[in-house]
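Letter by letter, the chains look like this.
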Amino acid sequence: MKAHTCHNVAFAWSGMIGVAVFVIAWVCAASVDTAWQFGVNNLSEFGISDTDARLYFNYGCILAGIIVAIFGAGRALNTENAGHTAGGAFIAVGGVFLALIGVFTMDSSLHNLVAVSAALFILMGIVAVTAGNWAADRKIIAGAGIVFVVFLSVMLLVFDVAELEAYGIILALVWFLIESVNMILLGKKG
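Residues numbered from 1 in each chain as written. Predicted model: local features only at pLDDT ≥ 70, side-chain atom pairs only at ≥ 80, totals over all residues. Heavy atoms only, no water.

As a further point, take the overall build of the protein chain. Within the protein chain, the secondary structure is distributed over six helices and zero strands. For a compact globule of 190 residues, the expected C-alpha radius of gyration is about 16 Å, and the protein chain comes in at 16 Å, within 12% of that figure. Principal-axis analysis of the C-alpha atoms places the extent of the protein chain at approximately 50 × 35 × 25 Å. Contacts in the protein chain between residues far apart in sequence, at least 24 positions, make up 69% of those at least 6 positions apart. Computed over 7 positive and 11 negative side-chain charges, the inter-centroid distance for the protein chain is 23 Å. (Helix = DSSP H or I, 4+ residues; strand = E, 2+ residues; numbered from the N terminus. Rg over C-alpha atoms; globule rule 2.2 N^0.38 Å. Contact = heavy atoms within 4.5 Å. Lys, Arg positive; Asp, Glu negative; His and termini not counted. Charge placed at Lys NZ, Arg CZ, Asp CG, Glu CD.)

Let's shift gears to the environment of Val32. Turning to its location among the elements, Val32 is positioned in helix H1 (residues 5–32). Note: C-alpha distance between Val32 and Ser49 (17 residues apart in sequence) is 9.7 Å. Those residues in contact with Val32, other than ones at most four positions away along the chain, are Thr51, Asp52, Ala53 and Tyr56.

Moving on, we get to the packing of helix H3 (residues 82–101) against helix H4 (residues 111–135). Contact geometry for H3 and H4: axes closest at 7 Å, N-to-C directions at 160°. Considering the angle they form, H3 stands roughly antiparallel to H4. As H3 packs across H4, the resulting crossing turns out to be left-handed. Considering only residue class, the contact of H3 with H4 consists of 17 nonpolar, 10 polar and no charged. (Axes fitted to C-alpha atoms, helices over the stretch in contact; angles between N-to-C directions. Parallel < 35°, antiparallel > 145°, perpendicular 65-115°, else oblique. Left-handed = near helix turned anticlockwise from the far one by under 90°. Nonpolar A, V, L, I, M, F, W, Y, C, P; charged D, E, K, R; others polar.)

A cluster of nonpolar side chains, namely Trp134, Ile146, Val147, Val150, Phe151, Val154, Leu157 and Val158, defines an oily patch on the protein surface of about 810 Å² accessible area. Sorting elements by how many residues they give to the nonpolar patch places helix H5 (residues 139–158) first, with seven residues. Along the chain, Trp134 falls in helix H4. What makes Trp134 partly exposed here is its relative accessible area of 46%. (Patch = residues over 30% accessible without salt bridge, like charges linked within 9 Å, V, L, I, M, F, W, Y side chains within 5 Å. Areas by Shrake-Rupley, 256 points an atom, 1.4 Å probe, with all protein chains shown as cover. Salt bridge = Lys/Arg side-chain N within 4 Å of Asp/Glu carboxyl O. Buried < 20%, exposed > 50% of the residue type's maximum accessible area, 1.4 Å probe, protein only.)

The full count for this structure, using the stated rule, is two salt bridges. Of the charged contacts in the structure, one is a salt bridge between Asp137 and Lys139, with a shortest N-O distance of 3.2 Å.

We now examine the side chain of Arg75. Residue placement: Arg75 occurs in helix H2 (residues 53–77). For Arg75, a relative accessible area of 1% puts it in the buried group. Here Glu179 takes part through its side chain, which lies 2.9 Å from a polar atom of the side chain of Arg75. Residues within four places of Arg75 in sequence aside, it is in contact with Asn8, His84, Thr85, Gly88, Val129, Asn133, Glu179, Asn182, Met183 and Leu186. (Polar contact = N/O pair within 3.5 Å; in protein donor to acceptor, adjacent residues only side chain to side chain.)

Here you go:
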């Protein structure tokens, strides 16, 4: 696999920035809306909060979604690995749906469709990139994706929706950071 060095690193940084934007939006929203409880309330409840949490969350989703879409596009376009290409495309689409979560809040009839689509496309992207990492003989990095999918499968069986969403997002954020580092390392080798 031949990666385009400077582009790979730039897109990898967009993945890290997307994680930072989402975490900052989540922390700011949680600090403003003290009624929200981790694992009890859905994150999307921030989007319809009576406090300024709705601004932090909705704008955070829009900005993070755009940045994640850029990361996914970069993952798809800067490789010849089929898993990375497919995974990047799925993540790019998932990023668009993440941005739409900030537009179609819980009081919209489209919210559930948009939120579930974001989760599914990002999950499909993680699975495809994990397969691409395995095929590229990056077994340790692929292991992070395998652990993510196993944890998520177990959490699906034991957690309610609010807990699954919160912990699943944290796992996805960690995976994005690991994959961003992977892309940087591939860029340095290229």
